[in-house]
Amino acid sequence: MAQQAPHRDRAAPDRGADRRPITGRAHPQTGRPDAHPRARGVAATARQRASTQSAGCAVPAGSAAPGPRRTAAGAAQRPGALPGDRGRARPLSDLKRRLDESGGGSLPEYIRRQAALALERAERALLGNQYKVSRFVAEEITDTARYHAGISDLSLRLNVPQEEVDKRAREALGEMVAAQSRRAIALWDRLGRYFSRAYRLDVDTSRFTELRELNTEHSLVFLPSHRSYLDPLVLRPALLANDLPLNHVMGGLNVSFWPIGPISRRSGTVFIRRKFDGDEVYKWTLREYMRYLLTKRFNLEWYIEGGRSRTGKLRPPRFGLLTYLTKAYQSSGIKDVYLVPVSLTYDQLYEVSAMAAEAHGEAKTKESLRWMVGYVRAQGKRHGVAHVTVGRPLSLAESLGGEKDLRLAIQKTAFEVCHRINEVTPITVSSLVMLAFLGIEDRALTVPELAFILTPLVDYISARSLPTAGGVDLQNPQVYRKALDTHVESGVLQCFDKGGTRVYYLGKDQHLVAAFYRNNTIHFFVVRAITELVLLGAIEAQYSNLEVDGWIEAKRIRDLLKFEFFFSDRDTFEHDMRREMGLIDPEWESNLDDPKLAENMLDRVRPYLAHRVLQPFLEAYEVVADQLVHTPLSGKFNEKDFITTCLALAEQRRLRQQIASSESISSELFGTALRLARNRNLVEAADGDAEGDLARRRTAFAAEIRTLVARIRHIRGLTQGRLDQFREPGILPEERDL
């Protein structure tokens, strides 16, 4: 389905004043600024008092009950009573009623749990929200009539004895439940600061007041973009520093190895199996666990992309966990849950080179203790800034309510979350520098030439009020010099200064690494790139009406790229196209009768972006389209073998300079192109196909892609021509190559 979102005003406000770095020494226990030096002693006092007060709970017959003056409610009347040391005694009938409302179970066990939880709340008032931990989770889930009814129902449906179903459910709970402890939380915070020491955090705080208010009544589900293994260690301190509690982070069992697994489990990580399609007991248990967390107003976190981005841009969302969340919410009885989109962006990443190698077909390195040691050592080198930006929270109740088909509603919700992540992803200097170099991969640039390319792009960013990272002044040339030096140090760029003028160029085999940084923000430039292709198409086809024919062509290109980028709905897309036309020529609608309108507008474009944004994707699509033409029409289609063949074909074309960039040699891009091919019934024959229909569709698809690639290369040539005409201050054109 097309990746759409409703119309909105996407102009980003200036958040420079709301971004702040997280610095300073954290409290050794809370991981937050040491605001209360007596916190440990106060907490110990609260623990001692609460233990003698049964946490304000009435005690059933046969137990030693405290006198009325020894309840936690009475503690507030005593001299020296502590904040958070206040409890409220409840009659036994009230506790029985509350137990029945929660699903039934053992009353003594329920009272014991409530007493311990009251103690937890008293201590949390002193130590802070970081220590809002889940306790007695398995007991509270399994000690209910709801649980036993569910086990009975599963037993009947699966034709499996109840004892076996119950055993499997409890084993699943033991595997996934985060058994939190304060000591593990403090240890994990220390480890997290050490693991992520290569980065300074830049946090946009403009939405945290809203999040805290929402969190007083609703669970928050944080859905960050996924760029690095460090992502949870980057988001965690950003939330804690802004007085939000720990999230329950849904993670894969592949990273649960010793010693990280046991520590992270005890500090909030929920380890779930990567695949459990056929295990109905596991599915039901996961839903019940998520339902429990929602009813207790715990916050959750997972990566909606399902895995780390290999290209730097947002991957298509995965619907699995969102589906479980939706069903858990619907069965919970709570009013709402809020989904919180979060953009995580890095100036540089250690693991990008490994991900680039995977895109070229190399096997992924399995996570292990040895792998982790090497990864952590690599963080000892400074990599720059990690940017954390929160998008507009999305009400799950409202999002589901607008669509009768639950499956479709979940998909639309996921795409909307992704759209909101892209909306706030800040443009970094690093991404702009790579955007410039990837437009002319095999050519070196001087600093003035880089400024010649980027100055009009910065003007364009300002005209659209797009978000930028860290309040950096993009008009300051020193910012780009620093970025160049950083990329030279990391090996992405090389520097040559023996010819009298220092020049910079992409390092060997660094195209995919550079593309990763560029792709962090290219979603802002996709509509402009399509506009350029439409203008060139209007010149080639001599459109009689640029507005009407151009809109048809724009929709066609949008449909080609619908699996690659997150597009707005069609009305918003048309609005965005008109905005781009207006930025190029504010009077274009008044000159529709001018036969030279498209040609004049294309000449006015500053800078050209189509080749910088779309060329690697369309050239990868061209490889897939051409290979499909030569793939047998009958027989079973083997996707793995097909991708391997495409990698070899693309490598050959790159060596022959038939492909402009090595980033087109990517298994991930080939996989997306195949999704489009399947969507168009190009992989296998469709029902009702006559002989030759599949071959004709494949040939037409290849021709369609080839036309767009030719336009891209034409625009690339225009860019090269402009660069050739650029005169550096004090240098004559005939001296440029001396």
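The model shown is predicted, which means the values in this text are computed figures rather than measured ones. (Residues numbered from 1 in each chain as written. Predicted model: local features only at pLDDT ≥ 70, side-chain atom pairs only at ≥ 80, totals over all residues. Heavy atoms only, no water.)

J.: Hey, could you run me through the side chain of T672 in this one?
T.: Mapped onto the fold, T672 is located in helix α28 (residues 667–679). Those residues in contact with T672 that sit more than four places away from it in its chain are F563, E564 and Y621. (Helix = DSSP H or I, 4+ residues; strand = E, 2+ residues; numbered from the N terminus. Contact = heavy atoms within 4.5 Å.)

J.: Quick question: what am I supposed to make of unusual backbone geometry here?
T.: Peptide bonds are, in most cases, trans, and in most cases residues other than glycine have a negative phi. With omega at -15 degrees, the peptide bond leading from R606 into P607 counts as cis. In this fold, P607 is placed in the loop between α25 (597–604) and α26 (610–629). The backbone phi angle of Q657 is positive, close to 60 degrees, even though this residue is not glycine. Tracing the sequence through the fold places Q657 in the loop between α27 (639–655) and α28. For Q657, a relative accessible area of 68% puts it in the exposed group. Positive phi, close to 55 degrees, is recorded for N681, a residue that is not glycine. (Buried < 20%, exposed > 50% of the residue type's maximum accessible area, 1.4 Å probe, protein only.)

J.: Any chance you could explain the side chain of E564 here in plain terms?
T.: Tracing the chain through its elements places E564 in the loop between α23 (546–560) and α24 (570–584). Within the structure, E564 has its side chain in polar contact with the side chain of Y621 (distance 2.7 Å). Apart from the residues within four sequence positions on either side, E564 is in contact with K313, F617, Y621, L669 and T672. (Polar contact = N/O pair within 3.5 Å; in protein donor to acceptor, adjacent residues only side chain to side chain.)

J.: Where do I start with helix α6 (residues 145–158) in this structure?
T.: The periodicity of an α-helix, 3.6 residues per turn, causes residues three or four positions apart to be oriented the same way. Taking 1.5 Å of rise per residue, the 14 residues of α6 would be expected to cover 20 Å, and the 20 Å separating its terminal C-alpha atoms lies within 8% of that figure. All buried positions along α6 are accounted for by Y147, G150, I151, L154 and S155. Projected down its long axis, α6 carries its buried residues within an arc of 140 degrees, all on one side. Taken from the residues just after α6, N159 is the one with a positive phi, measuring 55 degrees. (Expected span 1.5 Å × (residues − 1). Arc of directions from axis to C-beta.)

J.: Where do I start with helix α22 (residues 526–541) in this structure?
T.: With 16 residues, α22 should cover 22 Å at 1.5 Å per step; its first-to-last C-alpha distance of 22 Å lies within 8% of that length. Along α22, 13 of the 16 residues are buried, which leaves the element largely enclosed by surrounding structure. Immediately beyond the C-terminal end of α22, within one or two residues, lies Q542, with a positive phi of roughly 50 degrees.

J.: Is there a simple way to think about the nonpolar core in this case?
T.: Within soluble globular proteins, side chains that are nonpolar generally end up buried alongside one another. Residues F525, I530 and L614 are the most contacted members of the largest nonpolar core, which totals 131 residues. When residues in this core are grouped by element, the largest group, 11 residues, is from α26. If we ignore the near neighbours within four places in the chain, the residues touching L614 are A529, I530, L533, L561, F565 and I712. Counting residues in hydrophobic clusters, the runner-up holds 52 residues, among them Y147, L300, L322 and A409. (Core = buried A, V, L, I, M, F, W, Y, C linked by side-chain atoms within 4.5 Å.)

J.: Got a minute to help me understand the pairing of strand β5 (residues 269–272) in this structure?
T.: Side chains on a regular strand alternate between the two faces of the sheet. On β5, burial covers both faces: T269 and F271 on one face and V270 and I272 on the other are all buried. Two elements, strand β4 (residues 247–252) and β5, share 4 bridges in a ladder whose sense is parallel. Counted as the bridge partner of G252 is I272 from β5. (Pairing = 2+ DSSP bridges.)

J.: Sorry, what's going on with the confidence of the model for the chain here?
T.: Low-pLDDT stretches of the model should not have their predicted coordinates read in fine detail. Mean pLDDT for the chain: 82, with 77% of residues reaching 70 or above. Every residue in residues 5–16 scores below 50 in pLDDT, and together they form 29 contacts with partners more than four places removed in sequence or on other chains. Low confidence marks residues 732–738, where pLDDT is under 50. Its contacts with residues over four positions away, or in another chain, come to 10 contacts. (pLDDT = per-residue confidence, 0-100.)

J.: How do you make sense of the environment of L173 when you look at a structure like this?
T.: Within the element layout of this structure, L173 appears in helix α7 (residues 162–176). When its relative accessible area of 3% is taken as the criterion, L173 is described as buried. If near-sequence neighbours (up to four positions away) are discounted, L173 is found in contact with I141, T142, T285 and Y289.

J.: Please clarify how the environment of N422 should be interpreted in this entry.
T.: When you line up the elements, N422 lands in helix α17 (residues 406–424). Among the residues examined, N422 registers a relative accessible area of 10% and is labelled buried. In this structure, the C-alpha to C-alpha distance between N422 and L314, residues 108 residues apart in sequence, is 7.7 Å. Among residues more than four places away in sequence, those in contact with N422 are L314, H523, F524 and F566.

J.: Help me understand the packing of α22 against α26 in this model?
T.: A packed helix pair is summarised by two numbers, namely the angle formed by the two axes and the spacing between the axes. In contact at an axis separation of 8 Å, α22 and α26 are set at 90 degrees when each is read in the N-to-C sense. Relative to α26, α22 is oriented roughly perpendicular. Residues V526, A529, I530, E532 and L533 of α22 pack against A610, V613 and L614 of α26. Looking at side-chain class alone, the contact of α22 with α26 contains 7 nonpolar, no polar and 1 charged residues. (Axes fitted to C-alpha atoms, helices over the stretch in contact; angles between N-to-C directions. Parallel < 35°, antiparallel > 145°, perpendicular 65-115°, else oblique. Nonpolar A, V, L, I, M, F, W, Y, C, P; charged D, E, K, R; others polar.)

J.: Even after reading the chapter, I still don't get the packing of aromatic side chains, so can you show me in this structure?
T.: Here the distance between the centres and the angle between the planes together describe a pair of aromatic rings. Under the criterion given, the structure shown has 12 aromatic pairs. Aromatic side chains F276 and Y282 sit 4.8 Å apart centroid to centroid with 50 degrees between the ring planes, which places their arrangement in the tilted category. Classification of Y282 as buried rests on a relative accessible area of 1%. Taken together, a centroid distance of 6.1 Å and an interplanar angle of 45 degrees make the contact between Y460 and F525 tilted. Taken as a pair, Y460 in helix α19 (residues 447–463) and F525 in the loop between α21 (511–519) and α22 lie far apart in primary sequence, 65 residues in all. One aromatic cluster is present, formed by F276, Y282 and Y324 through successive ring pairs. (Phe/Tyr/Trp six-rings, centres within 6.5 Å; stacked < 30°, edge-to-face > 60°.)

J.: Looking at this model, I keep getting lost on the pattern of salt bridges. Mind explaining?
T.: Pairing between side chains of opposite charge can happen when the charged atoms of each approach one another. Per the stated rule, a full pass over the model turns up 41 salt bridges. Between R315 and E668 there is a salt bridge, with its nearest N and O atoms 3.4 Å apart. Of the two residues, R315 is situated in the loop between β6 (299–301) and α13 (320–330) and E668 in helix α28; the sequence distance between them amounts to 353 residues. Judged by relative accessible area, R315 falls into the partly exposed class, the value being 22%. Look at the salt bridges and you will find they share partners, linking E540, E553, R556, D559, K562, R680, E704 and R711 into a network. (Salt bridge = Lys/Arg side-chain N within 4 Å of Asp/Glu carboxyl O.)

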